[in-house]
Every structure is written in structure tokens, then in C-alpha cells.
Amino acid sequence: MSATYYPFQNRNKLCRIRGGENTNISRLHLMNRFRFWILVSIVAVSGFSQGMLLPLIAVIFENSGVSSTLNGLNATALYIGILLASPFMEQPLRKYGYRPVILVGGFLVVVSLALFPLWQSFWFWFILRLLIGIGDHALHFATQTWITSFSAENVRGRNISLYGVFFGIGFATGPLMTPLVEINQALPFIVSSILCLIGWVFLFFLKNEHPEQELGVNSFFETIKRFRKAWKYGWIAFLPPLGYGFLEASLNGSFPIYALRTGIEVGSVSVLLASFAIGGIVFQLPLGILSDKFGRRNILLVILSLGCLSFVTASFLEGTFIALAVCIFIAGMLVGSTFSLGISYMTDLMPKNLLPTGNLMCGIAFSIGSLGGPFFGGLFIQFFSDISFFHIISFLLFVIFLLTYSFGDRGLVAVKG
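Residues numbered from 1 in each chain as written. Predicted model: local features only at pLDDT ≥ 70, side-chain atom pairs only at ≥ 80, totals over all residues. Heavy atoms only, no water.

Caption draft 1: Here's a closer look at the overall build of the protein. Per the secondary structure count, the protein includes 18 helices and 0 strands. The burial tally for the protein puts 51% of its 417 residues in the buried class. Counted over contacts in the protein with a minimum sequence separation of 6, partners at least 24 positions apart contribute 85%. A total of about 19,500 Å² of accessible surface is found on the protein, and carbon and sulfur atoms cover 70% of it. (Helix = DSSP H or I, 4+ residues; strand = E, 2+ residues; numbered from the N terminus. Buried < 20%, exposed > 50% of the residue type's maximum accessible area, 1.4 Å probe, protein only. Contact = heavy atoms within 4.5 Å. Areas by Shrake-Rupley, 256 points an atom, 1.4 Å probe, with all protein chains shown as cover.)

Here it is, written out as C-alpha cells:
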């Protein structure tokens, strides 16, 4: 009798244990989903504020008689802020955790947006955009690292793609606030700061976590050593974010000048830029899922080669608006995901304790590309007026393709030990 009773009792105990494990797994899954959707929603609001500021301040300065050169200089403040803050981001993240860094970054953005209406001055607004660059970088750096740290490898591409989709949606809808300036110049800034504040409040519902630690993380010299080590592991993965930064900034900053000089109307330029943005938003998630299935490097090689071909084709179709719009839309479908795929690729290559450093360097690469895009794009338009503007973009994509093909194998990139 005892021989039949105890196995039954143990089986019940085992079922209870397994039931408890399943409950804990389900609870952890729900917690991760809740955290993920709050983080990507905050990123969408951040993208909204960035997308609003670029055309809004450009229009305000243009109406105030500020030269186009100074107008462009003011826009670089955002990326200068990112570069200035980058070396000092990792230590606070490791010491205080993800949530405090996001809270501080979001607070800087909210306050800076609210201060814009107080005084319209070139240098005052330059400083505010610098602060927004620092705040946005803290916010994106911490959210990217947090998402990549808790995302399983088989869904990492999907999650980072959704991150990119939400930022893209926010960035694309931000310019819709520009017409509000005709009602009241302060109104767009006030609305944007309120939306950012609402997103900021939801952060208090998240439980703080810390990235994986290692000895010596509080030393600035150790941070520099980690930068060098992260570069050795994943330098190839920093090229897609750099390329995307160059592409996005040159398209938004230099292409309108080229288009107007070649006879394309202002309204048509807006449609062309919107077609690229929409293509990038629509295909972020499918490409992320495909990268989970077929590998990040393989998908990057495909989209870089086809994206290069799309821009080359566009250079021959500049006289036909619909054909040009289709080419740019297809290019957006392909290379509009290079930033998010670059982050996912970096995560595959990088040891988990170096993920914060890797994410930071992806942001730095994007910023360098964003600063270089309008500068080199402007030089290209000035000195190579007989050559299509799309050739400089296709050349850059081709170079990144060659480097990824030659050095992008995981075994060649990763440094053992």
C-alpha cells in the first residue's frame, strides 16, 4: 500500500512544483512584455519630439531671417550633445541601473521642450537642443541596452525592430505639429512636452534593473578599455548605424537642396522623403523576424546590396516623379532597418557584460554619420553638380556591404578571451 501511496504523493508534489514553475515563467513573460511596451512607447514619444523639432525650428528661423547655414548649425546641436555625453553614459547605467538613467534623460527632454517658448534666441535654442541630445541619448542608450539584455536571441531582432518601428512612427508624425506654429508659436513645444511628461510618468511602474557587472566598472580608464574591447568584438556591427545616420541626415538635410536645384518642387520633395520613411517603418518588423531566422549578417548583406541598387536605379529616374518615389520607397523598405539590425547584430557579437558599451558605440556611430551626412552631402552637391546625389549614398552602402561580406563572419569578428 505504501508502495502505491508515496509515488502518487510524489507525483502530486512534482505536479505542484511544475505548476509553480509554469506560473513563474508566465509571470516573468507578462512582466517582460509590460516592460517592453512601456519602453517602446517612451521611445515613440522621444521620436515624436525629435521629428517635430527639426522642421519646426527650421521654419521658425527661416521666417525670422536666420541664414540657412546658421539654421543647419543649430540642428547639429542635437548630435553634438550625443557625442559629448557618450563617454560618460555607461558608468551611471552600471551604478544606478536602467530606470534612473531613462528618468533623468526623459526629464531633461521634458524641461528643455517646455523652455523653448520662453526666449527665441539662436544660442539659447542651441543649448536647449544640446540638452535634448544628451537627454535623448541617455533615454535611447538605456532602453536599447535594457531591451537587448532581456530579449531572447530568437526574438531579439523582432524586439529591436519594433523599437525602430515605434521610433520611426513617432519621428514621422512629429512634423505634423509644425502647422500649429501658425496658431501659436509656443503650442507645438507645449504639446510635445506634455506628451513626453505622460510617457515619463509611466517609467515609475517599472522595477529597476542593472546590467551585468564586472570588476573595475566605475573607473573611467576601465570604460576606455571596454570601448577598445567592444570595438574588437563588434566593429563591423557599428557600420550599419553609421551608414543609417549618414543616410537619414543627408536625405533630410542635403537632398532637398539638390532636388530644388534639379527642378523638383517642394511638395514633391516632402512626398519623396515621406516615402522613404514609410518604407522603413513598414518593413522594420518583417526584416527583424527574418534576421532572427536567417541570421543578422545574411539579411544585412541582402538589404545593403539591394538598397545600393535601388539608389543607383533612382539616379537614372530623377526625371520621372512616380518612378523615383517607388525607388526611394523600396530603398526605405531595405536600408531603413540598418540601424535596428546593426544593434541586433552587435548584440549577437558582444559578450553580455559589454552590451552597454556596444549600445553606446552604436549611438556614437549613428551620431558621427548624422554629423557627416549633411557636410559631405553639401560638398558633393557643390563640387559634383553633374553627378546624381544618390551616387554618394549608393557608394557608402556598397562600401559597408563589402566590409560586412569580408569581415562580418561571427568567428572572424569576435575576439576570444
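Caption draft 2: Here's a closer look at the nonpolar core. In terms of nonpolar packing, the biggest core is built from 107 residues, with F189 and F311 touching the most fellow members. In terms of residue count, helix 1 (residues 2–63) provides more of this core than any other element does, 14 residues in total. The contacts of F311, once residues within four sequence positions are left out, are L247, F276, A331, V335, F390, I393, S394 and L397. (Core = buried A, V, L, I, M, F, W, Y, C linked by side-chain atoms within 4.5 Å.)

Caption draft 3: Molecular detail of empty space enclosed by the protein. Within this structure, the stated rule accounts for 2 cavities of 30 Å³ or more. What the largest cavity holds in volume is close to 100 Å³. Lining of the largest cavity is provided by I42, V45, S46, G106, V109, V110, D136, L139, C196, G199 and W200. Within the residue set of the lining of the largest cavity, elements represented by two or more residues are helix 1, helix 5 (98–115), helix 6 (122–150) and helix 8 (187–201). A class-by-class count of the residues in the lining of the largest cavity yields 7 nonpolar, 3 polar and 1 charged. In this structure, the second largest cavity encloses a volume near 60 Å³. Every residue lining the second largest cavity is listed: Q50, L53, L54, A75, L78, R129 and I132. Breaking the lining of the second largest cavity down by element, the ones donating at least two residues are helix 1 and helix 6. By residue number, the principal contributor to the lining of the second largest cavity is helix 1, which donates 3 residues. (1 Å grid on protein atoms, 1.4 Å probe; cavity = no way out; pocket = protein on both sides within 12 Å on 5 of 7 lines; lining within 4 Å. Points joined across faces, edges and corners; volume = space filled by probe spheres on them. Nonpolar A, V, L, I, M, F, W, Y, C, P; charged D, E, K, R; others polar.)

Caption draft 4: Local environment of the pattern of salt bridges. In the structure shown here, the tally under the stated rule is 3 salt bridges. In this structure, R35 and E209 form a salt bridge, with 2.6 Å as the shortest nitrogen-oxygen distance. Of this pair, R35 sits in helix 1 while E209 sits in the loop between helix 8 and helix 9 (220–253), placing them 174 residues apart in sequence. Note that D348 and R296 form a salt bridge whose closest N and O atoms lie 2.9 Å from each other. In this pair, D348 sits in helix 15 (residues 338–349) while R296 sits in helix 13 (residues 296–315), placing the two residues 52 residues apart along the sequence. Comparing D348 with R296 shows no difference in burial state: the two are buried. What you see here is one network of salt bridges that share partners, running through D292, R296 and D348. (Salt bridge = Lys/Arg side-chain N within 4 Å of Asp/Glu carboxyl O.)

Caption draft 5: Molecular detail of the environment of S268. Tracing the backbone through its elements, the reader meets S268 in helix 11 (residues 266–282). Spatially, the C-alpha atom of S268 lies 9.1 Å from that of A325, the residues being 57 residues apart in sequence.

Caption draft 6: Looking closely at the packing of helix 5 against helix 6. For the pair helix 5 and helix 6, interaxial distance at closest approach is 8 Å and the crossing angle is 155 degrees. The angle between helix 5 and helix 6 falls in the class roughly antiparallel. By crossing handedness, the relation of helix 5 to helix 6 is classed as left-handed. (Axes fitted to C-alpha atoms, helices over the stretch in contact; angles between N-to-C directions. Parallel < 35°, antiparallel > 145°, perpendicular 65-115°, else oblique. Left-handed = near helix turned anticlockwise from the far one by under 90°.)

Caption draft 7: Just the environment of V181, in detail. With respect to the helices and strands, V181 occurs in the loop between helix 7 (156–173) and helix 8. For the pair formed by V181 and I60, sequence separation is 121 residues and the distance between their alpha carbons is 8.3 Å. Other than its neighbours up to four places away in sequence, V181 contacts L56, I60 and P188.

Caption draft 8: A look at the confidence of the model for the protein. Looking at the protein, pLDDT values average 80 and 87% of them are 70 or higher. Within the model, the stretch residues 1–18 combines pLDDT values under 50 with 1 contact to residues more than four positions away or in other chains. Below pLDDT 50 for its whole length, residues 411–417 participates in 14 contacts with residues either more than four positions away or in separate chains. (pLDDT = per-residue confidence, 0-100.)

Caption draft 9: Inspection of the packing of aromatic side chains at higher detail. The final tally for this structure, using the stated rule, is 20 aromatic pairs. With a centroid separation of 6.5 Å and 65 degrees between ring planes, the pair formed by F389 and F390 is classed as edge-to-face. For F390, a relative accessible area of 0% translates into the label buried. Each residue in the set W231, W235, F238 and F407 is aromatic and connected to the rest through ring pairs, giving one cluster. (Phe/Tyr/Trp six-rings, centres within 6.5 Å; stacked < 30°, edge-to-face > 60°.)

Caption draft 10: Layout of the side chain of Q50. Counting through the fold element by element, Q50 comes out in helix 1. Overall, Q50 belongs to the buried group, its relative accessible area being 13%. When residues no more than four places from it in sequence are discounted, the contact partners of Q50 are L78, D136, H140, F167 and F171.

Caption draft 11: Up close: the side chain of T143. You can see T143 is positioned in helix 6. Separated by 2.8 Å, the side chain of T143 and the backbone oxygen of L139 make a polar contact. Excluding its chain neighbours within four sequence positions, the residues that come into contact with T143 are L39, V43, I102 and Y163. (Polar contact = N/O pair within 3.5 Å; in protein donor to acceptor, adjacent residues only side chain to side chain.)

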